[in-house]
Structure formats: structure tokens, C-alpha cells
Amino acid sequence: MAQHADSQLGEDVLARAVAAYRAALGSRLIAGYALGSLAHGGFSPLVSDVDLGLIVQDPLRARDRVTIRTVARSVKAGGAELDQRLSVFWGTPATLRGQRRGGRFPPLDRLDLLDYGRLLTGPDARAAVARPDIDELLVAGAEFALGFLGGRYVGLSGRLRGWARLWPRDDDALNEIRAPSRLVARGPRRVTKIVLFPVRFLFTAETGRVGTNALAAEHYLASAFAPAAALVTAALGWRRERPADDEAAELLSRELIPLYAQYLDDHIARLQAVGCHRLADSFQRWRSRLLA
């Protein structure tokens, strides 16, 4: 019952967003889907985002991006904290097939749409969506991680620097990993993302599957080498209940840097193996700065 009540808070945000997009886009809105934890389970009002996927009719229009953003801002202005966590992914059949550029549906989220997307409005249109291969998922996940977690954005393209600006500047992620008390002060949402992101990326890089928190943690804990087993286990619980600051800081100080070293070493080797040497070099610089 508690889980249902928690999820309903997110469902209410989705319902308002779908109604707003239906009004703004009219018949051009082919279908809308719940994504993320509201689709595959594990939603927590304490830390979760509210993810919405939209498929819009071709042809792509010049004002589509502005319309999507304007409606998202109107929903986020609703006042509730969950309203502000709405994240909208969108594309047309042509962009989702890879036939033309545009929209916002990165490979990791496209895979989530295909495997877990829950239809909210319109006919199911996922037959138009191209399934990303495992190398595409690896590179997309690495670029995302570098943009959000990699510090000073050394070696980032303009697109990735744009992503990185969505999170606080001045090396916050890097400094928080090295100074757990600073990370804990940011609250459980920030803490659990910093801990579980690399676990999820490791899972997807190895399996080619969506890295849900539960599946990725289970896979990590079952592996032969899991230097952050206690931290990953605890972080799953912190998604539901805020930990004591001292307890969290102590565990983070022991296991967070070993977790990131493991993730970075794994991805440096994987990126080199698929010929993404510049991205692998950026990961190597990230590793050097983290362990300096």
C-alpha cells in the first residue's frame, strides 16, 4: 500500500504533463509513456525523477523543441517538489529510427522506452524505435557520466558541456566523492545518484540491458569483485529512508572511491576496445584527478 501511494504521487505528475502536452501538440502527439522507475518499479518520492517519453508526428518542426520545453516548465511550476523533477524525452518516428537528427531520446532512454515503457496515451508506436546496440549504450553511458560526474569537463564536446551545466559547477561531483560529508549534506537524492550511477553503467555495459537500480545492484553484489558491496546495499535503502549523516559519511569514505576506481578502470578498457580512444583518455584523466 505504501509503495502504491508513493507511486501515485509520480503518476499524478505524469497525468498533468500528458494532459498539457495533449493540449499543446494536439493530434501530433502520437503516444506518451511512463519511463524510469514509474515504468519498471522502484519509484521513491524521496529521490526519484518523473520520466516521460513522447512520440510526436513527423515531420519534425522548428518549434517542437520550444513547445516541449515550454510545457515542461509549466508543469514544473506547479509547486510540488516532484513537479520540478519532471524529465521529458521526445522524438518523432524518423528521429527514433535514426533517419534524421532531432528530439531528445538518448540511447539509454530509448532502450528504457523499448523494454519498459508503459503506455499512457495514444496507440503503442514503439515499432518505429531503433534498438541501440551494446557499443552505442557503452559510449552514451560514458559520455553521460563524464558530463555529469567527471569534474572540470576536460575533453568534453560542447554538447556534453551543456549537459554538465545542468548540475552544479566547480567540480562538485569530484569534490563530493572525495569529501563524503559534503556529499551527505546535499541530501539522499544526490547521494544515491552518485553511488548508483556507476553501478548502473557497469551493468548496462556488460549486459546491454537497462540498468535499473535493483537489477544493477543485484548484478554488482553477485560479482566476484565488489569493493563497494556494503555501500551499494546501503544506497538502495537510502532511496527510501534518509540515513544518519555520520553513518553515511563513514561508509562513503570507505567505499565510494574504490567503486569509482572500479568503474573507471572497467570503462577505460571497454572504450579502448571499441576504438573510442579520446573518450577513454578523458576517463583516464578523470581517474587521475580522482585519485590524486
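Summary of the structure given here. Since this is a predicted model, take the numbers as computed values, not measurements.

**What to know about helix α11 (residues 213–222)**
Reasoning step 1: Listing the buried residues of α11 in full gives Asn-213, Ala-216, Ala-217 and Tyr-220. Looking down the long axis of α11, one finds its buried residues gathered within 95° of arc, a one-sided arrangement. Seen from the buried face of α11, the exposed residues on the opposite side, beyond 90 degrees, are Ala-214, Glu-218 and Ala-222.
Reasoning step 2: The secondary structure elements touched by the buried residues of α11 are α10 (188–207), α12 (229–238) and α13 (245–273).

**Things to note about the pairing of strand β1 (residues 29–35)**
Remember that side chains alternate between the two faces of the sheet whenever the strand is regular.
Reasoning step 1: Burial within β1 is extensive, with six of its seven residues counted as buried.
Reasoning step 2: Pairing analysis gives six bridges linking β1 to strand β2 (residues 50–56), with the strands arranged antiparallel. Its bridge partner being in β2, Tyr-33 is matched across the sheet by Gly-53.

**Quick notes on the nonpolar core**
Reasoning step 1: Membership of the largest hydrophobic core comes to 47 residues, with the highest contact counts inside it found for Val-195, Leu-256, Phe-283 and Trp-286.
Reasoning step 2: Mapped onto this core, the elements with two or more residues apiece are α6 (134–149), α8 (172–178), α9 (180–185), α10, α11, α12, α13 and α14 (277–291).
Reasoning step 3: Among residues more than four places away in sequence, those in contact with Val-195 are Leu-231, Ala-235, Leu-252, Leu-256 and Leu-259.
Reasoning step 4: If you look at the next biggest cluster of nonpolar residues, it comprises 23 residues, including Leu-14, Ala-34, Val-56 and Trp-90.

**Overview of unusual backbone geometry**
Reasoning step 1: Look at the link from Asp-58 to Pro-59: it is a cis peptide, with omega at 0°.
Reasoning step 2: Here Pro-59 is to be found in the loop between β2 and α3 (64–76).

**Here we look at the pairing of strand β3 (residues 86–91)**
Reasoning step 1: The buried fraction of β3 is high, at six of six residues.
Reasoning step 2: Burial along β3 is two-sided: the residues Leu-86, Val-88 and Trp-90 and Ser-87, Phe-89 and Gly-91 are all buried.
Reasoning step 3: Where β2 and β3 come together, six bridges link them in parallel fashion. The residue bridging Gly-53 from the neighbouring strand is Phe-89, located in β3.
Reasoning step 4: For the handedness criterion, the β-α-β arrangement of β2, α3 and β3 is classed as right-handed.

Rules of the game
- Residues numbered from 1 in each chain as written.
- Predicted model: local features only at pLDDT ≥ 70, side-chain atom pairs only at ≥ 80, totals over all residues.
- Heavy atoms only, no water.
- Buried < 20%, exposed > 50% of the residue type's maximum accessible area, 1.4 Å probe, protein only.
- Helix = DSSP H or I, 4+ residues; strand = E, 2+ residues; numbered from the N terminus.
- Arc of directions from axis to C-beta.
- Contact = heavy atoms within 4.5 Å.
- Pairing = 2+ DSSP bridges.
- Core = buried A, V, L, I, M, F, W, Y, C linked by side-chain atoms within 4.5 Å.
- Right-handed = clockwise from strand over helix to strand, strands pointing away.

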